[in-house]
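Geometric and topological summary
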Amino acid sequence: MSHSSTIISDGGYLASELACYLQTAAVDIALAGMQTTEQQYDARYSARSYHYQLSSGKLQLLALILYLPMSTSSADIERARMTAVKAALAWHKSSLSQNEHIAQTHDILVFDIQLTDNVVDGHKKNTDSQDSKQLNHLQHAFGARYFLEDLVVDMSEGGQQLQVFSWHDWHLILVAVQTPCELWRFLNYHLEQLQYSAISHVPSFVSEEVLVAEFLQSASLFTPAITVDNALIKYDIQDKPNPALVAMALAYKNQSTTAQMYQQHMQQAATLWSQLSTQMIAAYADKQTSSNDQESSTEPLGFRWQQQLLDESLFSRHELIRTLYRHPKQSKTLQQDGYIVHQHSYETLGRHYVLIFYGQNAQAKNSKNVIQPNLAKIAQDVATRLPIAELHHIVVLGIDFITEVNETFIDIDVWIQSVDAMTQRERQLTKQIQQLKSKKSLQNTQKAKKQAAQNSESHPQSDKLPQVRLSLSIPARKK
């Protein structure tokens, strides 16, 4: 165990995003046997339990902080650490016996040791000095070898396991995986590696840093996206696999030199999406604070609508940000008129996006003043015309690119519409109605072309390009 101290990032955007998944207020926990440790080492501890409901399951986290005097010896630190971990394991075992087991659950212990001069007689002094605000996290680590050789915990036994991380490693993981769904999948991967170590009696990884790097470089990272992509083809929403997904998955599978570039692109996109989501969530919160008009809200706060923005994987965020990046490259005419792009989540088949790029021309049909009041209507219209049984949310984003003093800013309006699940019969009826509408629309188009041809004989044709219509936001279905 390294006894050097370190101050690192507090988990980046993901640490803040997890707050949107918190089910209840944190609960203070008393750990049996810790009073003796406090007296013996002139220490103090704090234990709090957090419950997060992620889209894939429940994350139960016990945050344990042990405050020790700066003068504590390395041997005493190790003994105090061992006692604290055993106390946490005992608490976890007891809580499992008292509560009903939930299949999709990850139980986590994040253990922080802080060396401080402010601990006196087992109490940490409250001071307002700058030094007291600098948290002095002791850098230490756990891993497969610790549980197999030092603590001797049977990680191969059935039941819910408690995965243990140091404060440093946990926040390193949060910064690396970047998204809630990737965090959940890493915890699956981490537990598999611990159990493999227990069965083979050989530690399967050297450090958490190495393990999370292996996880992020695995081709399995794209498995959920490929599943969604195949389903979209089956539903006739798209004709062929996403070329970007195919290229990236193959690069990861073959460990080619471009895989590292793709990983950087996804990491950058994930950060940008976090920033945009944070701004949208903050803007909504400010609006609710300043106004009591609940009818203008996207969804009740209790529904946790924020999760619809945050529940996107690395690849899914990459595709959303890539759509935004294409806008400055569009023709000036298209930017003046505005246009609409239909995008979808690669994390869940049931979440779809409508990105409306506001026209810079105030008189355009897709200008901000025309579109903004109709976001709810657009969301409902798209939901009606997407006959996907799994559909559960439509996210409409009104996007305004603003250039000031050679800098470009993005202003986004958001409307999130929940959609009731359709039965198979309802989906078939919706499909039939769409086909009838499509047939009627084709007839009207042919009639309009015929009329236009007749008119062109006596009137010169206009140079004005047709407006991008809202009805084009969803690709035409194959016949």
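Preceding this paragraph is the structure being described.
Quick look at the structure, then. Because the structure is a prediction, the values reported are computed rather than measured.

**Observations concerning the overall build of the chain**
Each helix and strand in the chain was counted, giving 17 helices and 13 strands. For the chain, the proportion of its 479 residues judged to be buried stands at 45%. Working note: accessible area of the chain is about 25,300 Å², and carbon and sulfur atoms make up 51% of it.

**Some remarks on the environment of A376**
Examined against the element boundaries, A376 turns out to sit in helix α16 (residues 375–384). Remark: the alpha-carbon pair of A376 and V395, spanning 19 residues in sequence, is separated by 9.8 Å. Excluding anything up to four places from it in sequence, A376 contacts W415 and Q417.

**Considerations on the packing of aromatic side chains**
For the coordinates displayed, the defined rule picks out 11 aromatic pairs. Among the aromatic side chains, those forming a connected cluster through ring pairs are F222, Y252, F315 and Y346.

**Digging into the packing of helix α6 (residues 167–177) against helix α7 (residues 180–200)**
At a minimum axis distance of 9 Å, the contact between α6 and α7 shows a crossing angle of 125°. In terms of their interaxial angle, α6 and α7 are classed as oblique. Both α6 and α7 take part in a crossing whose hand is right-handed. Contacts between α6 and α7 involve W170, I173, L174 and V177 from the former and E182, L183, F186 and L187 from the latter. Considered class by class, the residues forming the contact of α6 with α7 number 7 nonpolar, no polar and 1 charged.

**Quick word on α7**
Its 21 residues place the ends of α7 30 Å apart at the C-alpha level, agreeing with the 30 Å of an ideal helix rising 1.5 Å per residue. Two residues or fewer past α7, H201 is found with a positive phi of approximately 65°.

**Examining the sheet that holds strand β10 (residues 339–344)**
Taken in spatial order, the 4 strands line up as β10-β11-β12-β13 in an open sheet, and their pairing is mixed. Two strands lie at the open edges of the sheet, namely β10 and β13 (407–418), each paired on one side alone. The mean angle between the axes of side-by-side strands here comes to 20°, regardless of whether they run parallel or antiparallel. As defined by bridge partners, strand β12 (residues 393–404) adjoins β13 across 12 bridges and the pair is classed as antiparallel. Counterpart to L397 in the pairing with β13 is V414.

**Topic: the environment of L386**
When you line up the elements, L386 lands in the loop between α16 and β12. In sequence terms L386 and I237 are 149 residues apart; their C-alpha atoms lie 8.7 Å from each other.

**Topic: unusual backbone geometry**
Phi is positive for D42, close to 50°, though the residue is something other than glycine. The topology assignment puts D42 in the loop between α2 (34–41) and β3 (44–53). Even without being glycine, D236 reaches a positive phi, approximately 65°. Relative to the helices and strands, D236 is located in the loop between α9 (223–234) and α10 (243–253).

Definitions and limits used
Residues numbered from 1 in each chain as written. Predicted model: local features only at pLDDT ≥ 70, side-chain atom pairs only at ≥ 80, totals over all residues. Heavy atoms only, no water. Helix = DSSP H or I, 4+ residues; strand = E, 2+ residues; numbered from the N terminus. Buried < 20%, exposed > 50% of the residue type's maximum accessible area, 1.4 Å probe, protein only. Areas by Shrake-Rupley, 256 points an atom, 1.4 Å probe, with all protein chains shown as cover. Contact = heavy atoms within 4.5 Å. Phe/Tyr/Trp six-rings, centres within 6.5 Å; stacked < 30°, edge-to-face > 60°. Axes fitted to C-alpha atoms, helices over the stretch in contact; angles between N-to-C directions. Parallel < 35°, antiparallel > 145°, perpendicular 65-115°, else oblique. Left-handed = near helix turned anticlockwise from the far one by under 90°. Nonpolar A, V, L, I, M, F, W, Y, C, P; charged D, E, K, R; others polar. Expected span 1.5 Å × (residues − 1). Pairing = 2+ DSSP bridges.

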